[in-house]
Each structure stands twice: as structure tokens, then as C-alpha cells.
Amino acid sequence: MIRINELTSKLDELVQELVTVYPFYQSLPLDRGKPLFEQLPIVDKQLIGRNLSLFERPGLGKVIETFTSGTTGVPFRCIKTPMERSMLSLVLYKHRKKWGLPAKHKMILLSERLLSDSKALEHYAALIRRDRPHMIQGRASALFALAQYFEEKSCEVPQELLFVQNWGEQVNLSQKQQVERVFGIPFVDYYGMEECWCIAFSNQQGELEVDQDSVYVQVIDSKTGQVLPHGEYGEVIVTSLLMRSLPFVRYRTGDIGRLIGHPEKGSLILQLLPVRSSQIRLSDRVLPAALFRYLDRLFWELSVVKGIRQFQMIQESFYSFRLLVVSDSDMSEDPVLKPKLIGFLRQCLASDIELAIENVSFIAPNPQSGKFQSFISLVS
Amino acid sequence: MLTERHSIELKVVELIAGLAKIPAEDIQTYQLLNDDLGIDSIRILELLSYIEDAFHFEMDVDDINPENFNSVNSVIQFVEGKVSR
């Protein structure tokens, strides 16, 4: 919980630091007579990616790199100092502690490949029996598959298990209820992004509560950039109050949602618009499209070398795919991209596949949500 | 005789030295846990657990604030605040 004057003061400090230290913000013509924060432009992955040297903190020391394309298909390199990682990790732990997680705990992280490997569920069940974790983290679909396996095989749920935590995938109510019934513990949800980690986390009422100590969330009209009042749906933009190596200020998440304030509790609830979660549909099963996260580094490297600015994978039939690429170079027969993608898909889907790569000048967002998507399936 | 503040400081420094794998006498209270002593995000959580065990209290959710675990000094001040309540 954060008070309004405390937030205003944090945002003022942030603006002062931005206009003093960061070249991008130094060049902005700000009117000192108005609230400065509200004058800062809304930024996105593409703008930051194209002007990285203007956004990064000058004279950065050691940083840790990770790569993401998120759900929007824009390759992006994230950097964090070790100190920032520690702070972000404490924020995450604070929320998990609300669900009883002790500081000294055991956790199992389900692999993104869990659903594509027939032996994986057996492996994780054995691991859970042996390690007796306090929490299990995974995609909602993977947690659901694990719960089904536990039920079918009558596996014992360790007494130490306090909750399971979703990440990176939207959960539907029936999945949540099924997992909670089988494991007999809460299914908690997390909303965040690789760039600044936790934005919101499940509270005891099962709502996604914004972490107001570390992020400032606003909802805007995507077309006008105007901030919308609480209760109205629009695009979620986020400002990290912790990230300084690469600040994320009024940063587009691409997600659609609304904020509900609880003034009496001082809490802020984020309700995300339920969009259909991306899944690769095969003749006998479905796999989460989050599998493509394994290619984030490849797409980032290609963005540097070949000027890929955005991509979208379309599943046209069970085993045929088309990759749309917005790029400076012709990628249709690229000697690196095509073989790597075919090999990756064959391995994940355990089947032969066809792949076409097409250069396009623009990738359209989803007409309903307005959100850019890195994967869509045309298979019904 | 050690004052309570001094005794807390010694114990906290000892815990941090163990995590950072350096002698306690080489640690200065102004040092940052991460940048100066190399205590990474995983070991910060270990530190929370060691503090709970060493000072016999359980952290509240509100205690898990990055500002409390920024430097050796901030940890000492945090522990002092907790044990004096």
C-alpha cells in the first residue's frame, strides 16, 4: 500500500532523475508549470529498442542480460544490475510470503516443455515426492496437466506444499478450480513482465493486486494516450519505481485491462481483459505458445543482425506454420532462421512440420483487443 | 560489555560475512549487499532466513522491503527496529 503524497513524491523524484541522467528524457521540452510525470511520453519496446543508448543509464557497470519478445513479438534485450534483480526478487518474495512461503523454502519450477514431453509429468511427480516443495510455479496449462496427472496416478500431495503459482499465461476458472481441488491448496496468480518483473499478484480474495511499492500502473486510451479513470478498460501502461539501468516509465504492456481502487484498504486491483490464451493446437493435444520464449534470444540476435523489428507466428493447420516478419532483410530463406525454427518446432511438437517465412511491412494488432500478438492459431 | 546495538551489529555482520564468504573484519557497515559484497538475489532470501533464526522473530510481509536489505547498515537498522519492538 502506498499513500498518494508518497507516490507523488516518488514520481517527482523519478522525473528529476530521468531529466538529469538519461539522454532521451533530457531532450524533452517539459513545461515546468504542469505535473511533469504526466508530460512524459508513453514508450514501448520498439521505441526503446531503436534508441537504446538514449534510454540506458550512462556508465552502467555489470548488468545481467535476458531476452524477451513477450506476447507482442518485438525482440527485446532486458538488462538489470545485480542490485535491481535482488530488489525485484524481494518484491516477488513479499507476495509469496503472504501465502505463507518461509524465507527458507523449496520451490519447483515447471519447464515450458512440460506438455511436449511425455515423460515430464512423471519426472515432476517424482521430483515433488522427493523434494517436498513449498510451492510449484508454472504456466497455468502446465499446472493443470500436473494436477490431472496427480489425480490419475493417485500421487500423494506433500504436506509442505503451500500454493501453486501461475506465470506468463492467463488462467481460466475451471483450470484454477481443478488444480485447487486436486492439490487442496490455493492457486495464486502473477502478472508481470521480464522487463520489471512483478506488476500484480493474487491477494487473499483472488484478485490481482497491483504492487504499488514498486510499480505505478495507469490505464490509457490506446488511440489518444489519454489516461482513463478507474473502472474503464484500456491499455495497461506501467512505470517501474525500481528499475534504473533501463527505466520503464509509462511503458506499454500491450495488455488490456482496468483498475479498481479500494480507497478504504488503499489497494488497487487490476482486472485484465480475458483474451483467448495462445495455444498451439495439434490433432491430439494443445501446447502453450509460450514455448516460443525459448527463441527470444535468437530473435533478439536477428533483430540486431538482420533488422527484425517484429514477428508473428501463425499456425495455419495442425502441422503448418507461417512466420510473418517485419525486417530490413529478406528473411524468407534465411540460412539461420528457417532451419532453427523448423528444428525447434519438430522437437517441441514431436512431429514433422511445414514452415513458410514471409516478409511483410506491417503486422496488424488483434482487431478486438488492439493487442499485438506474437502467435495466433487459425486451427479451430 | 556490549551494547545491544553493538551486539546486533556483530551478529548481522557475521551472518553477512558467511553469505558473502569473506572475513567479518573485512566488512564495512556502509557497504551495499549486492554491489559491494556480491550477495545476489538468491542469497538475499537466505539472509532473511538466517536473520529470522538468529534473532528469533518471523518477518512480517511489510518487512520485506528492498530498502531494508540494501546495505549492511540498513539490515542492522532493520533488525534493531524489530528486536526493540
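See the structure printed just above.
Residues numbered from 1 in each chain as written. Chains lettered and ligands numbered in written order. Predicted model: local features only at pLDDT ≥ 70, side-chain atom pairs only at ≥ 80, totals over all residues. Heavy atoms only, no water.

> Tell me about the interface of chain B and chain A, residues and numbers included.
Contact residues are listed per partner, giving 20 residues for chain B and 15 residues for chain A. For the chain B and chain A pair, buried surface summed over both sides reaches about 1,500 Å², with 70% attributable to carbon and sulfur atoms. The partner of Glu 52 of chain B in a salt bridge is Lys 97 of chain A, with the nearest N and O atoms 4.0 Å apart. In this assembly, chain B and chain A are joined by five residue pairs in polar contact (both at pLDDT 80 or more). Broken down by class, the residue content of the side of chain B that touches chain A amounts to ten nonpolar, four polar and six charged. (Contact = heavy atoms within 4.5 Å. Buried area = accessible area lost by both parts, 1.4 Å probe. Salt bridge = Lys/Arg side-chain N within 4 Å of Asp/Glu carboxyl O. Polar contact = N/O pair within 3.5 Å; in protein donor to acceptor, adjacent residues only side chain to side chain. Nonpolar A, V, L, I, M, F, W, Y, C, P; charged D, E, K, R; others polar.)

> How would you sum up the packing of helix α1 (residues 4–20) of chain B against helix α3 (residues 72–83) of chain B? Please name residues and give values.
All names here are of chain B. Following both chains from N to C, one finds α1 and α3 inclined at 130 degrees, their axes separated by 9 Å at the closest point. Relative to α3, the element α1 lies oblique. Remark: the crossing between α1 and α3 carries right-handed chirality. Along the contact surface, α1 presents Glu 4, Arg 5, Ile 8, Glu 9, Val 12, Val 13 and Ile 16, while α3 presents Val 72, Asn 73, Val 75, Ile 76, Gln 77, Val 79, Glu 80 and Val 83. Of the residues assigned to the contact of α1 with α3, the class counts are nine nonpolar, two polar and four charged. (Axes fitted to C-alpha atoms, helices over the stretch in contact; angles between N-to-C directions. Helix = DSSP H or I, 4+ residues; strand = E, 2+ residues; numbered from the N terminus. Parallel < 35°, antiparallel > 145°, perpendicular 65-115°, else oblique. Left-handed = near helix turned anticlockwise from the far one by under 90°.)

> Pulling in residues and values, what's your account of the side chain of Ser 377 of chain A?
All names here are of chain A. In this fold, Ser 377 is placed in strand β19 (residues 375–377). Residue classification places Ser 377 among the buried residues on the basis of a relative accessible area of 10%. At 2.9 Å, the side chain of Ser 377 and the side chain of Gln 315 are in polar contact. From its side chain, Ser 377 meets the backbone nitrogen of Val 379 in a polar contact 3.2 Å long. (Buried < 20%, exposed > 50% of the residue type's maximum accessible area, 1.4 Å probe, protein only.)

> Provide a residue-level description of unusual backbone geometry, including the pertinent values.
Residue and element names in this part refer to chain A. Unlike most non-glycine residues, Arg 132 shows phi in positive territory, near 45 degrees. With a relative accessible area of 26%, Arg 132 lands in the partly exposed category. In this structure, Ser 154 is a non-glycine residue whose phi angle is positive, near 50 degrees. By the element assignment, Ser 154 lies in the loop between α8 (140–152) and β5 (163–166).

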